[in-house]
Amino acid sequence: MSKTASYITLGCKLNYAETSTYERGFINAGYESVPWNKGADLFVINTCSVTEHADKKSRNIIRKLHKVSPDATIVVTGCYAQLKKAEVEALEGVSLVFGANEKSSLVTTTLDYIAQRTEFKPTTSQQEETFAAYSSGEERTRSFLKVQDGCDNFCAYCTVPYARGRSRSISIDKAVSEAKKIAASGVKEIVLTGVNTGDFGRKTGESFLDLLKALNDVQGIERYRISSIEPNLLTDDIVDWIASGTKFLPHFHIPLQSGSDTILKDVGRKYTTEFFANKIAYIREKMNPKPGELNADGSKKPDVFFGIDVIAGLPGETDELFLETYNFLKDRIKPAFIHIFPYSRRAGTRSAARKDQVQDCVKTKRVAMLEELCKTLNEEFIASQKGVREHVLFEEDNNDGVMSGYTGNYIKVDRPWDPTLAGKIVEVTL
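Calculation notes
- Residues numbered from 1 in each chain as written.
- Predicted model: local features only at pLDDT ≥ 70, side-chain atom pairs only at ≥ 80, totals over all residues.
- Heavy atoms only, no water.
- Helix = DSSP H or I, 4+ residues; strand = E, 2+ residues; numbered from the N terminus.
- Buried < 20%, exposed > 50% of the residue type's maximum accessible area, 1.4 Å probe, protein only.
- Pairing = 2+ DSSP bridges.
- Axes fitted to C-alpha atoms, helices over the stretch in contact; angles between N-to-C directions.
- Contact = heavy atoms within 4.5 Å.

Participant: Help me out: how do you make sense of unusual backbone geometry in this one?
Facilitator: Note on backbone geometry: most residues besides glycine have negative phi, and most peptide bonds are trans. Its identity as a non-glycine residue notwithstanding, Lys334 has a phi of 45°, on the positive side. One can find Lys334 in the loop between helix H12 (319–333) and strand S14 (337–342). Unusually for a residue other than glycine, Asp400 sits at a positive phi of about 55°. On the secondary structure map, Asp400 appears in the loop between strand S15 (389–394) and strand S16 (402–407).

See the structure below:
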């Protein structure tokens, strides 16, 4: 009888890249991947701890899996496993727990544990270089490539440096090698991901721009996106190079967190609202078409898509300071999308110790206001792109006779199912 394994991933795309890498390792060891609700010999849970709700969800899933397969080996990793390791180890059914510096040995240690059924402690790695990982699956059109992990910023509200460790990167050679593997699998698009992606190479003497240039030369990969990058690390040199005509798409995901300089200073962000606004303006100047500029066939050229992260209800955020954020987004930045997060108090952070916490009901109201603003801005951006000539990478799923894909500037496009277009990049007029 074949051995079976199931994988559950919570949280960010970085976790998905890591889980896919674990899965490939266990497949190579003879494990068949199965849905978790069918039961399995092995469960791997990659947890999140961005909020208390995420912690609770992780605990509930572990309990549910133990109930489904009481004799299964349950392996837990991810941010919750790092931040509250003893709590995870105490949960019934948990066999092994892997923290931030132990992930590279997850597959081999788990296989040893299963073979010998003795108590194991995962090997902790103190290496500066993180282990390489990329996502894979049935879609076969897009893959998330992990090039960096950890963070040195220690923002007042954030547990990431404690959960994922200090900033570290794979090498450019390793990134290129992983990209070639992805290309060989038939994937056309890679999304570069990390905790603080733009910090790549800071401790190894390599640069993020050199990484982008090296990846741009990988045959078979036709498009790249940068999943998230701090505004102070998205340098003018990087913008200039991308705008010069590369495989990197006009789509940027940039964390703002607050549009109030008072809040930005309080939480330890490394920029001001003026710096942020100037960065967005510079990218638009370099990458948006000039007024009246058209393609040779008379069609419009695409504008840059900006997705902006914002936290609502950080400690000390008065109504007036929140309105600074709201108006900054509405009047100056005008992004295509706002990723909105209500502030969640996390033990051990500086923000958690503050007395001027914002009430949950106030956070809820502010989130609703930002969601309505996001809806308006997103509709305006999409409307502005009608008539644009763009390239769409269609996914391979047939959803009731409809296929979907994304333009280079991240607009979702639907069309009637056509198997000849699945997994291919097609030029369309929006």
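Having seen it, we continue.
Participant: Would you mind going over the environment of Val362 with me for this structure?
Facilitator: Checked against the element boundaries, Val362 lands in helix H13 (residues 360–384). Exposure remark for Val362: the relative accessible area of 24% places this residue in the partly exposed category.

Participant: Honestly, the sheet that holds strand S2 (residues 31–33) in this entry has me stumped. Any pointers?
Facilitator: Remark on secondary structure: sheet strands pair via backbone hydrogen bonds, oriented parallel or antiparallel. Taken together, five strands build an open sheet; the order of strands is S2-S1-S3-S4-S5 and the sheet is parallel. On the outer flanks of this sheet lie S2 and strand S5 (94–97), each paired with one strand and no other. Going across the sheet, the axis of each strand differs from the next one's by a mean of 30°, ignoring polarity. Pairing geometry for strand S3 (residues 42–47) and strand S4 (residues 73–78), over six bridges, is parallel. Among the inter-strand pairings, Asn46 is bridged to a residue of S4, identified as Thr77. On top of the sheet, helix H1 (residues 13–28) reaches strand S1 (3–9), S2, S3 and S4; it is set at about 160° to S3, its chief contact. Sheet contacts for helix H5 (residues 106–116): S2, S3, S4 and S5; angle to S4, the most-contacted strand, approximately 160°.

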